[in-house]
Structures are given as C-alpha cells and as structure tokens.
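# Results of the structural survey
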Amino acid sequence: MSGCPYFEKKHLLFKNKPPKTEDEEDASQAGVNKASKGGIIYGDYLELDKIVNAQVLQSELKGNKIHDEHLFIVTHQAYELWFKQILFELDSVRDIFISGHVRDERNMLKVNTRIHRIVMIFRLLVDQFAVLETMTALDFFDFREYLSPASGFQSLQFRLLENKIGVPDNLRVPYNRRHYRDNFKGHDSEMLLATEQEPTLLKLVEEWLERTPGLEVDGFNFWGRLEINIFDGLNQEKEKIETMPDSEEKEELMAELIKQKELFSSLFDVKRHDHLLSKGERRLSYKALQGALMIYFYREEPRFQVPFQLLTSLMDIDTLMTKWRYNHVCMVHRMIGSKAGTGGSSGYHYLRSTVSDRYKVFVDLFNLATFLVPRHWVPKMNPNVHTFLYMAECCDSSYCSSEDSD
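Everything quoted here is computed from the prediction, not taken from an experiment.

Moving on, we get to the overall build of the protein. Each helix and strand in the protein was counted, giving 18 helices and 0 strands. Burial analysis of the protein (406 residues in total) assigns 40% to the buried set. Carbon and sulfur atoms make up 54% of the accessible area of the protein, which amounts to about 23,800 Å² in all.

See the structure below:
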C-alpha cells in the first residue's frame with residue numbers, strides 16, 4: 001500500500017486540521033442526566049412492564065412452547081394498539097363535527113390532519129401483514145389448536161371502528177347466519193349498540209357537505225346551472241354527431257351519447273337518488289352529493305382546497321380498509337386453506353365475502369368520477385360576484401373553545 005495518500009494520511013482531508021481542544025473532545029458529553037434527579041422515566045411513562053410482559057404463549061402453558069406463537073401475539077397486539085389510536089383520532093374528529101366547531105373553517109386543518117393520520121396508520125397496518133407472513137402455514141398449524149375459540153372477528157375495537165366510520169348494519173355479512181353483535185356479550189355488546197346509535201363519520205360529513213357554499217338556489221345555484229350546462233353540452237354533441245356521414249362510428253357515438261343522457265338524467269332525478277339510497281347503493285343525501293360534486297369541480301378554488309383534501313383522505317380510508325381486508329383474506333387462505341376459522345366461521349369463505357363495496361362507507365365519493373364533464377361545461381364563476389369562494393366562515397368562540405383546544 002506504499003504511496004496511498006489515505007493510509008499515509010497525506011490526503012487533503014487530513015491536512016491543515018488543528019488538534020482538538022479539551023472542550024471539543026468533551027462536547028458530546030456535555031449533557032446532564034436529569035433522570036438521576038428523580039421523576040418519571042421512559043419505562044414507567046410507557047408502562048412497558050405491562051406491555052412487554054403481555055405475551056402469554058398458550059402453547060407454553062400447555063407444555064409445548066411454539067416459537068412463532070410469540071410473533072403471532074405481538075403482531076395482533078400491535079394491530080389492537082393502532083386500532084386504539086385510530087379510534088382516538090376518529091372520536092376527536094367526530095367531536096369537532098358534533099360540537100359544531102367545524103362551522104369555523106379554521107378547524108378543518110385539524111380535521112384534515114387527524115384524518116390523514118388515520119390514513120397513515122392504515123397504510124402501516126396493511127404493510128404489517130408482510131411481517132406475519134414470514135410465518136409459514138406449518139408454523140401456524142403447530143400452535144393453531146391452542147387459539148380456539150379465539151378469533152379476529154372478536155376484535156371489539158375493529159367493530160367499533162366500523163360502526164363509528166359508518167359501515168351500515170343492514171349491509172353487514174351475517175356471521176354464521178347471526179347478527180355480528182351476537183358474538184359479543186355484556187358491556188362489549190352495549191358499547192357496540194351505543195356506537196350504532198351515535199352519529200357516524202359518514203353522517204357528520206354528509207351534514208357538512210349539505211352546507212357547501214354555492215348550492216343555494218337563490219345564490220350561485222350550482223346544481224341548477226350544472227344541469228343546464230350538461231344537457232346543453234350533450235345536445236351540442238348530438239348535433240355534431242348528426243352531421244357525420246352514416247357509419248359504424250356514428251352509430252357507436254350516438255349510442256354512447258344516449259347512455260350519457262340517461263346517466264345524467266338519473267343524476268338530476270331526486271326520486272331516483274332516494275330509491276338508490278333506500279337500496280344502499282348510495283350513502284349520501286341528494287344535497288350532500290351535490291356538495292361533494294361541487295367541491296370536486298372547484299377543488300382548485302381557495303375555499304374548496306381543504307375540503308377536497310378531506311374527501312380524498314376519506315376515500316383513502318375506504319381503500320386501505322378494503323386492502324386490509326383483502327390482505328387478511330389472502331393470509332388466512334394461505335395459512336389454513338379452506339378450513340373453518342378458530343372462532344367457528346367458514347374462515348376464508350366468510351372473509352372473502354366481506355371484501356366488497358357493501359363495506360365501503362364513502363362509496364359515493366368514488367362514484368363521483370362517473371359524473372365528471374369537460375371543464376367548459378362547469379358553471380363559470382366571477383370572483384367579483386361570487387366572493388364566497390374567498391371568504392371562510394369563522395367563529396372565534398368556536399375556534400378558541402377550551403373543549404377542543406387539544
């Protein structure tokens with residue numbers, strides 16, 4: 001290695017460096033150990049003695065300790081801790097809506113931040129399956145018999161989460177032909193019943209959307225103007241098609257135009273909407289749907305940017321919950337095949353039936369893309385006249401309320 005500047009320390013990195021002083025040598029150790037003076041320390045603050053000693057292996061109690069049961073327990077405990085955090089955030093958002101503080105639009109940043117946090121947690125939960133899947137089917141088989149009749153379906157927090165977000169009770173898949181709540185007893189059953197009777201996030205968002213500025217018939221009248229513009233646009237398209245020479249393309253374009261007219265006729269038909277609502281095919285009220293579509297069309301306007309972000313995050317929650325269910329289905333199929341679940345369900349077949357739009361709470365927001373139209377069909381606004389786009393609703397007493405100062 002003769003002649004190497006690094007080994008001989010002749011490189012520029014080693015040149016012209018003054019020797020370190022005693023103060024510089026000790027700078028990394030200049031702190032003060034406050035814990036030595038008393039007070040709460042890390043382990044006590046987090047109550048780690050309870051958490052890290054909560055992994056009781058049933059296989060070990062039965063005298064046949066199985067290594068991978070520890071991973072199984074820790075993973076599910078982690079899920080439950082994150083469910084607890086989601087419920088904590090969700091309850092705080094619902095409280096802001098229920099208390100009316102959402103009328104002060106400055107609180108929407110707080111709402112958005114907490115809903116976005118829920119989205120981030122769900123992303124983590126979806127990815128967490130990868131850790132559990134490091135366990136093989138045979139590894140799971142070794143200790144599965146010790147779990148029965150415990151089952152993931154018995155997760156109280158996940159059922160509370162579904163109820164508080166707004167999963168409709170009448171659209172739930174029965175569990176062994178019985179109501180889902182029949183699998184819970186005592187206080188747990190009472191808690192589930194209470195959440196079924198409380199305002200859901202879906203209901204609260206619906207009421208908020210119904211107040212979207214610009215829907216007023218005696219004001220901007222977005223819905224009325226949009227209907228006129230859409231059908232004027234469709235009629236212009238029809239006139240263009242009619243000028244085309246007879247051809248297969250002309251027939252196809254005309255057929256597609258007829259479908260579009262039928263689609264938008266149903267959109268502006270309140271009775272049709274109410275019928276779909278009664279069947280569970282739509283979840284939002286007619287006016288809330290109008291508000292959501294208005295936010296979509298004018299999402300770049302100052303007043304609608306934050307609401308658009310909220311609607312996007314709500315769809316993210318639905319998407320990630322669906323992915324979570326799907327990952328769960330795939331993992332169960334991989335681990336136990338078509339066997340019955342430890343709690344007595346049909347296992348994979350039952351779980352597969354829950355991966356559908358019936359469990360999507362904000363399905364109407366996904367369907368808004370069906371009704372998008374060319375930008376020049378969207379009613380134009382005059383900033384000098386339609387000033388509501390630049391004026392947020394504020395209420396100092398609500399914004400500064402001590403009840404929601406957290």
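Okay, back to it.
Next up on the list: the environment of Tyr298. Relative to the elements of secondary structure, Tyr298 occurs in the loop between helix H14 (286-297) and helix H15 (302-336). When residues no more than four places from it in sequence are discounted, the contact partners of Tyr298 are Phe220, Phe222, Phe304, Val378, Pro379 and Met381.

Counted by the stated rule, this structure contains 21 aromatic pairs. When the centroid spacing of 6.5 Å and the interplanar angle of 80° are considered together, the rings of Phe97 and Trp208 count as edge-to-face. Of the two residues, Phe97 sits in helix H5 (residues 68-98) while Trp208 sits in helix H10 (residues 201-210), which places them 111 residues apart along the sequence. Assessed through its relative accessible area of 8%, Phe97 is described here as buried. Residue classification places Trp208 among the buried residues on the basis of a relative accessible area of 10%. Clustering of aromatic rings is evident, with ring pairs tying together Phe220, Phe222, Trp223, Phe231, Phe268, Tyr286, Phe297 and Tyr298. Above the ring of Tyr180, the side-chain terminus of Arg172 is found at 4.1 Å from the ring centroid. If you follow Arg299 out to its NZ or CZ, it ends over the ring of Phe308, 5.8 Å from the centre.

By secondary structure assignment, the location of Lys360 is in the loop between helix H16 (348-353) and helix H17 (363-367). In this structure Lys360 comes out as buried when scored by relative accessible area, which is 16%. Here Lys360 is in contact with Arg283, Asp318, Thr322 and Phe366, once residues within four sequence places are set aside.

So, about H10. Along H10, 7 of the 10 residues are buried, which leaves the element largely enclosed by surrounding structure. Burial in H10 covers these residues: Leu201, Leu202, Leu204, Val205, Glu206, Trp208 and Leu209. Each element contacted by the buried residues of H10 is listed here: H5, helix H6 (108-132), helix H8 (156-165), H14 and H15.

The next subject is unusual backbone geometry. Going from Ser148 to Pro149, the amide bond is cis rather than trans, its omega being 5°. Take Pro149: it is sitting in the loop between helix H7 (137-144) and H8. We note that Glu47 has phi near 50°; this positive angle belongs to a residue other than glycine. With a relative accessible area of 37%, Glu47 lands in the partly exposed category. Located in the positive-phi region is Asn221, a residue other than glycine, with phi close to 55°. Note on placement: Asn221 falls in the loop between H10 and helix H11 (222-242).

Here we come to the environment of Gly219. By the element assignment, Gly219 lies in the loop between H10 and H11. Considering only alpha carbons, one finds Gly219 and His386, 167 residues apart in sequence, at a separation of 8.9 Å.

Turning our eyes to something else, we now look at H7. Within H7 the residues assigned to the buried category are Phe140, Phe143 and Arg144. Looking straight down H7, one finds its buried side chains confined to an arc of 110°; they lie on one side. Exposed and oriented more than 90 degrees from the buried face of H7 are Leu138 and Phe141. Looking at the buried positions of H7, the neighbouring elements they touch are helix H4 (58-61), H5 and H15.

Inspection of every chain in the model, using the stated rule, returns 17 salt bridges. Put simply, Asp91 and Lys164 hold a salt bridge, and the shortest N to O gap is 2.9 Å. With Asp91 in helix H5 and Lys164 in helix H8, this pair connects stretches of sequence that are 73 residues apart. On the basis of relative accessibility, which here comes to 23%, the residue Asp91 falls in the partly exposed class.

Together, Ile40, Tyr42, Tyr45 and Leu46 line one region of the surface with nonpolar side chains, adding up to about 510 Å² of accessible area. By the secondary structure assignment, Tyr42 is in helix H2 (residues 42-45). The class of Tyr42 is exposed, set by a relative accessible area of 62%.

What counts as what
- Residues numbered from 1 in each chain as written.
- Predicted model: local features only at pLDDT ≥ 70, side-chain atom pairs only at ≥ 80, totals over all residues.
- Heavy atoms only, no water.
- Helix = DSSP H or I, 4+ residues; strand = E, 2+ residues; numbered from the N terminus.
- Buried < 20%, exposed > 50% of the residue type's maximum accessible area, 1.4 Å probe, protein only.
- Areas by Shrake-Rupley, 256 points an atom, 1.4 Å probe, with all protein chains shown as cover.
- Contact = heavy atoms within 4.5 Å.
- Phe/Tyr/Trp six-rings, centres within 6.5 Å; stacked < 30°, edge-to-face > 60°.
- Lys NZ or Arg CZ within 6 Å of the ring centre and 35° of its normal.
- Arc of directions from axis to C-beta.
- Salt bridge = Lys/Arg side-chain N within 4 Å of Asp/Glu carboxyl O.
- Patch = residues over 30% accessible without salt bridge, like charges linked within 9 Å, V, L, I, M, F, W, Y side chains within 5 Å.

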